[in-house]
Amino acid sequence: MAEAGKIHSPPAGRQKERPDQRLSVIGTRMLRKEDPRFLIGRGRFVDDISLPHMAHAAALRSPHAHARIKSIDKTAALALPGVVAVITGEDAAKETGPLPCFANPPVEQRCIALGKVRHVGEPVVLVVADTRYIAEDAIGLIKVDYEPLPVVSDMMEAINSKGDAVLHPERGPDNIAEHRNYLFGPVEQEFAQAAHVVKRHLRWARSGGQPIETCGAVASFDEGSEKFTIHVNGSMYNYIGFTVATALKVASHQVNLVPLDAGGSFGSKLFLHKVAVLAALAARAAGRPVKYIEDRIDNITACDNHGSDRTYDVELALDANHRMTALRYKVVDDYGAYFQYGLGTHGNGFSQTVGPYKIRAVGAEIYAVFTNKCQQGACRGFGSEVTNFMIERIVDAAVDELNLDPVKFRHDNFIKPEEFPYQIPTGNLYDSGNYPGALDMALQMLDYEGWREKQNAARTQGRYVGIGVASCQEKGVFSATEFWMLNRAPGFALTSSPESASIKIDATGKAIISLHAPCWGNSPETVATMVLAEQLGIDPADVSVTYSDTDHGLPGTFGIGEQAEGDSGIGSVQDIEQAGDQDTLRAGAYEFFDGKFAELIDDESGDGESNQDRTPGTCSGSGAGGHQDFALPAGMRPSCSSSLSAATQRSHSVG
Amino acid sequence: MKPPVFEYERPPNLRAALDALSKHGGKAKLLAGGHSLIPLLNLRLISPSRLIDVGRLSELQYIIEEFGQLRIGALTTHNTILRSPAVAAGCPIMVEAYPHVANHSIRNRGTLGGNLCHNDPAFEMPLVVTLLGASMVARSARSSRTITAERFFKAPFVTDLAADEMLIEVRVPRLPAGHGYSFLEVSQRYGDRALIAAGCLLTIRYGTCRDVRIGFRNAVHNVFRIPAAEAALEGKAASAAVIDAAAEAAAKNLTAASDLHADEAYRRDVAATLTQRMLRIACARAGQAIAE
Amino acid sequence: MSDLEVNVTVNGRPFRRRIEPRLLLSDFVRHEIGLTGTHVGCENGVCGACTVLLDGLAARSCCTLAVQADGRSVETVESLGRVNNLSPLQRGFWEKHGLQCGYCTPGMLMLMTELLRENPNPDRETIRTRLNDNICRCTGYEDIVSSVERAVELMRGDKAVR
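Analysis parameters
Residues numbered from 1 in each chain as written. Chains lettered and ligands numbered in written order. Predicted model: local features only at pLDDT ≥ 70, side-chain atom pairs only at ≥ 80, totals over all residues. Heavy atoms only, no water. pLDDT = per-residue confidence, 0-100. Disulfide = S-S within 2.5 Å. Buried < 20%, exposed > 50% of the residue type's maximum accessible area, 1.4 Å probe, protein only. Patch = residues over 30% accessible without salt bridge, like charges linked within 9 Å, V, L, I, M, F, W, Y side chains within 5 Å. Areas by Shrake-Rupley, 256 points an atom, 1.4 Å probe, with all protein chains shown as cover. Salt bridge = Lys/Arg side-chain N within 4 Å of Asp/Glu carboxyl O. Lys, Arg positive; Asp, Glu negative; His and termini not counted. Charge placed at Lys NZ, Arg CZ, Asp CG, Glu CD. Helix = DSSP H or I, 4+ residues; strand = E, 2+ residues; numbered from the N terminus. Domains from an automatic or database assignment. Contact = heavy atoms within 4.5 Å. Buried area = accessible area lost by both parts, 1.4 Å probe. Pairing = 2+ DSSP bridges. Axes fitted to C-alpha atoms, helices over the stretch in contact; angles between N-to-C directions. Polar contact = N/O pair within 3.5 Å; in protein donor to acceptor, adjacent residues only side chain to side chain. Nonpolar A, V, L, I, M, F, W, Y, C, P; charged D, E, K, R; others polar. Expected span 1.5 Å × (residues − 1). Core = buried A, V, L, I, M, F, W, Y, C linked by side-chain atoms within 4.5 Å.

**Observations regarding the confidence of the model for chain B**
Parts of the prediction with low pLDDT should not have their coordinates interpreted in detail. Confidence along chain B averages 96 in pLDDT terms, with 100% of residues attaining 70 or more. As a predicted assembly, this complex carries a pTM of 0.90 together with an ipTM value of 0.97.

Here's what the structure looks like:
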């Protein structure tokens, strides 16, 4: 990796926003395009879907945190009128494989528990019936015989678990999912030479998204074409949706995932493999479309998307001038019963591991452990918020122990505006920032000086007023850099987290933009409309927004709304403007990619690894989630005419 | 989370309801507002074979002032009671407590009778009616009886009603004009289940506190009145020292309760503080200055 | 469990259906009548997303049996307005960004419709206290309060309370 702190010039054309740019639509106040349907009660949520002859599924939830499943008696349930199918883990395993797991080696998770249950709430039997009411009646008639096993609920105990307390014995003799050591930069040396070292023990507790709408799917299986159609309220279907097909033991083109409005997510609907697979396997078994929607208890106990749950021991090295030089931590992370994203949240932490500060070396020892809880997934910051908490707590520790001013200390240690783009010890590049300016503006807005005076005055009266300062850096977009630093050879190409949108202009000049990631409340339609209206000079009312299923969707991870802070949408449309003529734009379909990182990495491969020389569409990476590399052939810039010339039709231009 | 199967009937009047209760006894549940019962059904925590829907028995929806007492029909909704001028005049502690009862939407449908019969240990109204010295009128197909509040609330979720009895009326004795009262509650957020609910009533006679009633709910046990706390104040002029003594007695004699939401020490500490506050408020309302 | 016949007026229209007694009012409205604007969040009376007006009073339809609405009138979000004719409340929510994912919104609109009918000029504190009934996970509530205030302004210029 290139040396931390070295200054590099940004490749030409990377800076998308120009200070002198005059915008007439973007940034103006526009009533949200999403709102009318929600205001009149015509949103398109998963439980609003009703297919002819549709049946309903419900899951019998494990009452045990850890137990072997000895036997399941479904006789009485099958005899209940209105029951269509009763599916155990063994039944499901005949037709489905494990759920997607992006850890390497993967940890096996089944949509219906097979052989043992590993947390309270895990599905043990899936019942399909004419109504949800009858399905729940049938659940009450199923007899499951469990052999309870020792329960592990404490992460430190999990490190030492043995024997029957081990959740995945096929994986190893203990509950350590992964144990890794990382050294970015001269960590030992910096600590040895440090003038001061401060230490803290920190705890970040588990949380969950708890959206008002739970996760769910409506699936149908067309026997004639042997194809599944699954309406599901999750995201990332145009990115890793093909892994659902793998779990269903069919080819990826035999599954069409259809997006829906989602009633909130906060991470927890990031990638809904379990509910999609459950609905689909039920549809195949029942010979009818099946709706499976988590009830509130299902969601709380088994949503597969709890947040980070960590204990840190952190050390910070400082020089004699109170400059932070190195950060070192040991973290134990309680992943719950499965490990779908591996150390993804820690990778996200590595991509922004020094926060806004010029710390030049970082060392980390990470224990990921299994316990008998719902697994972690995506929740809010996906590890960035925990990293920021850890950094700011240790910064405050230094301020307290060395008796320093919290604002001056931060100023002294910030990466300065003129130092961008700035490479942090893990190799990631911060593209821009004005941390001193942001902090000063915040302090001024809050009358920090005034409050310090009030604080001093209050102290003389025996009253204690607390004032806290925190300065956190959080990257604006989801990108493959979240995974990069976890392994010596990054398994994911730089361009493997693309965003896309498709735009069609019809003969009367109206635009239809298709988005490839869903609406979670994050205003993707309004943003897309604003960008399009700005760039093409058309009336926002002349723009219609739709969402593409996987049959029609281009590769996309999060969609435009999520990237609102990033510049992918805006910049890429500008690329198109420059690349094609107006006739081409108005008369055809085109796509655009966020190719900015592709250009960047070509300059950056200091360790001999090159991410060039790839043909589009080849797979790279390992494990259950091989990632496609969407890099364009060398020399090609993302643009409309070059990538879809075959599809573009010339027709009369519309003025 | 859907309810299990049950038989359903909606008797047209009280007589028919009581007949149904005597016929089906312990296997039937009365449905009034439903906002306590139906969540339990949705969770399948209970599985009654029959619901007897009494929610429309208008003969049990009334607030009548008479002979120095207030008679409240058991099926009167909470919001109706909350808004009643007669209740505000006769037992203002009830109106003070009511904003803490569930929330507005639930109070639209929930009934006083349903609330009292459920006797969830975090519910406020069982405490309020106990402090008020209310009596419950229970009727069955064969008989009628009046049950004092002390006797009515036997244990959390358990009342003195027999399987064939229905609570039909709550009788609240009117308190003297100018009496002191206060109701306070601590929960994690406004509107959440009470961790501790506290209420007091007193009358000032010749500068001393009389007929002092101090009570709590601790969300775990029945609790209610704390005689030791009342005795610290009864017959005495209100002063800081006397109120301190009452607060200390309340904290000490509160039934210990630790649960997921608060431990015993916290509850005792809060009980002491609430006693301080509510006695001061009650005295102020009764026009009694506190000697410091 | 024997079926019953119920007659329910929904948004001013009479409906007659044969249903199980255990059918929740939320499921009746959504699946028997086909009005999917009323949303289900918890089926435990906690979140208020399922709020409808039952004889004009806010009620949690997941804690109400459909049979309890027999002979009664139910109003749902679909009664408030159409896209080209939004009610002041709907308009207020649109203008003041009172929604993000839109899932709690119908419940909020019905709750606030009841409030504005009983009190066309509530202060901010009154709005906030009433808003305590329902949960929103997206907005942080401030914009919902502002939306209701905006609705009050719009209503002053428009006498019909919807």
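**Some details on the state of the cysteines**
Taken as a whole, this structure holds 0 disulfides over all chains when the rule is applied. Cys374 of chain A provides the cysteine sulfur closest to Cys101 of chain A, a residue in no disulfide bond, and the two sulfurs are 14 Å apart. Cysteine Cys519 of chain A is unpaired, with the sulfur of Cys101 of chain C as its nearest cysteine sulfur at 8.2 Å. Look at Cys519 of chain A and you get buried, because its relative accessible area is 2%.

**Some thoughts on a negative patch on the surface**
Residues and elements named next belong to chain A. A cluster of acidic side chains, namely Asp405, Asp447, Glu449 and Glu453, defines a negative patch on the protein surface. For Asp405, the location among the structural elements is in the loop between helix 12 (384–401) and helix 13 (406–413). Of the residues examined, Asp405 reaches a relative accessible area of 39% and is grouped as partly exposed.

**Some thoughts on the domain arrangement of chain B**
Residues and elements named next belong to chain B. For chain B, the assigned domains are domain 1 (7–53), domain 2 (58–173) and domain 3 (180–285). On a C-alpha basis, the centroid separation for the pair domain 1 and domain 2 is 19 Å. With 15 residues of domain 1 at the interface, the matching set in domain 2 holds 16 residues. Across the interface of domain 1 and domain 2, roughly 1300 Å² is buried in total on both sides, 73% from carbon and sulfur atoms. The largest contributions to the domain 1 side of the interface with domain 2 come from Leu14, Leu18 and His35, which together make up 42% of the buried area. Across the domain 1-domain 2 interface, the total number found is 0 salt bridges.

**Regarding a nonpolar patch on the surface**
Taken together, the side chains of Met441, Met445 and Leu446 of chain A present a nonpolar region at the surface, about 380 Å² in accessible area. Residue position: Met441 of chain A is located in helix 14 (residues 435–445).

**Let's talk about the interface of chain C and chain A**
Contact with chain C, which involves 37 residues of that partner, is made by 29 residues of chain A. Where chain C abuts chain A, roughly 2800 Å² becomes buried across the two surfaces, and 58% of that area is made up of carbon and sulfur atoms. By the criterion of area lost to chain A, the three top residues of chain C are Arg22, Trp94 and Arg137 of chain C, representing 25% of everything that side buries. Inspection of the region where chain C meets chain A yields 3 salt bridges. The partner of Asp48 of chain A in a salt bridge is Arg30 of chain C, and the shortest N-O contact between them spans 2.8 Å.

**Considering the interface of chain C and chain B**
Chain C puts 32 residues into the contact, and the matching count from chain B is 31 residues. Taking both partners together, chain C and chain B bury about 2600 Å²; carbon and sulfur atoms supply 48% of that area. Among the residues of chain C in contact with chain B, Arg22, Glu43 and Gln68 of chain C are the three that bury the most area, contributing 22% of the side total. At the junction of chain C and chain B, the tally comes to 4 salt bridges. In this structure, Arg83 of chain B engages Glu118 of chain C in a salt bridge whose closest nitrogen and oxygen atoms are separated by 4.0 Å.

**Section: the sheet that holds strand 5 (residues 73–75) of chain C**
All names here are of chain C. Strand order in the open sheet made by the 5 strands is 2-1-5-3-4, with mixed pairing throughout. Pairing within the sheet leaves two strands with one partner each, and these edge strands are strand 2 (13–19) and strand 4 (57–60). For this sheet the average axis-to-axis angle between neighbouring strands, irrespective of direction, equals 40°. Where strand 1 (residues 4–10) lies against strand 5, 2 bridges are found, and the strand directions are parallel. The residue bridging Thr9 from the neighbouring strand is Ser73, located in strand 5. Sheet strands touched by helix 3 (residues 105–118): strand 3 (51–54), strand 4 and strand 5. Its angle to strand 3, the strand with the most contacts, is close to 40°.

**Digging into unusual backbone geometry**
Working note: non-glycine residues mostly have negative phi, and peptide bonds are mostly trans. Pro105 of chain A follows Asn104 of chain A through a cis peptide bond whose omega is 0°. Relative to the assigned elements, Pro105 of chain A resides in the loop between helix 3 (89–95) and strand 4 (116–117). Following Phe420 of chain A, the chain continues to Pro421 of chain A via a peptide bond in cis, the omega torsion being -5°. Tracing the backbone shows Pro421 of chain A in the loop between helix 13 and strand 16 (422–423). One non-glycine residue, His53 of chain A, lies in the positive phi region at around 65°. Its relative accessible area of 60% is what places His53 of chain A among the exposed residues. Not every positive phi belongs to a glycine, and His97 of chain C is a case in point at roughly 55°. Relative to the elements of secondary structure, His97 of chain C occurs in the loop between helix 2 (88–95) and helix 3.

**Brief notes about the domain arrangement of chain A**
All names here are of chain A. What the domain assignment lists for chain A is domain 1 (46–149 + 209–302), domain 2 (176–207 + 306–460) and domain 3 (499–650). The distance between the C-alpha centroids of domain 1 and domain 2 comes to 39 Å. Each side of the interface is counted separately: domain 1 has 22 residues, and domain 2 has 16 residues. Of the roughly 1500 Å² buried between domain 1 and domain 2 on both sides combined, carbon and sulfur atoms contribute 57%. On inspection of domain 1 and its partner domain 2, the count reaches 0 salt bridges. At the junction of domain 1 with domain 2, the criterion picks out 9 residue pairs in polar contact (both at pLDDT 80 or more). If you tally residues by element for the side of domain 1 that touches domain 2, the top one is helix 10 (residues 296–302), at 3 residues. Here the residues of the side of domain 1 that touches domain 2 are counted per class, giving 11 nonpolar, 8 polar and 3 charged.

**With respect to helix 9 (residues 273–286) of chain A**
Helix length check: helix 9 of chain A, at 14 residues, gives a terminal C-alpha distance of 20 Å against a target of 20 Å (1.5 Å per residue), a fit within 8%. Most of helix 9 of chain A is tucked away, with 12 of its 14 residues classed as buried.

**Focus on the environment of Gly381 of chain A**
All names here are of chain A. If you trace the backbone, Gly381 turns up in the loop between strand 15 (361–369) and helix 12. For Gly381, a relative accessible area of 15% gives the class buried. Taking the C-alpha atoms as reference, Gly381 lies 8.2 Å from Gly267; in sequence the two are 114 residues apart.

**Considerations on the nonpolar core**
Across soluble globular proteins, nonpolar side chains show a tendency to be buried alongside one another. Residues and elements named next belong to chain A. Core analysis: the biggest nonpolar cluster contains 57 residues, and Leu316, Leu327, Tyr329, Phe339 and Phe350 have the highest contact counts within it. Of all the secondary structure elements, the ones that give two or more residues to this core are strand 7 (176–184), strand 8 (196–204), strand 13 (310–318), strand 14 (324–334), strand 15, helix 12, helix 13 and helix 14. Here this core takes 8 residues from helix 12, the largest share from any one element. Counting contributing residues per domain, this core is built from domain 1 (46–149 + 209–302) and domain 2 (176–207 + 306–460), each supplying no fewer than three. When neighbours within four sequence positions are excluded, Tyr329 is seen to be in contact with Tyr312, Asp313, Val314, Phe350, Thr353, Val362, Gly363, Ala364, Glu365 and Met390. Listed in part, the 52 residues of the second largest apolar core include Ile87, Ala92, Val232 and Ala247.

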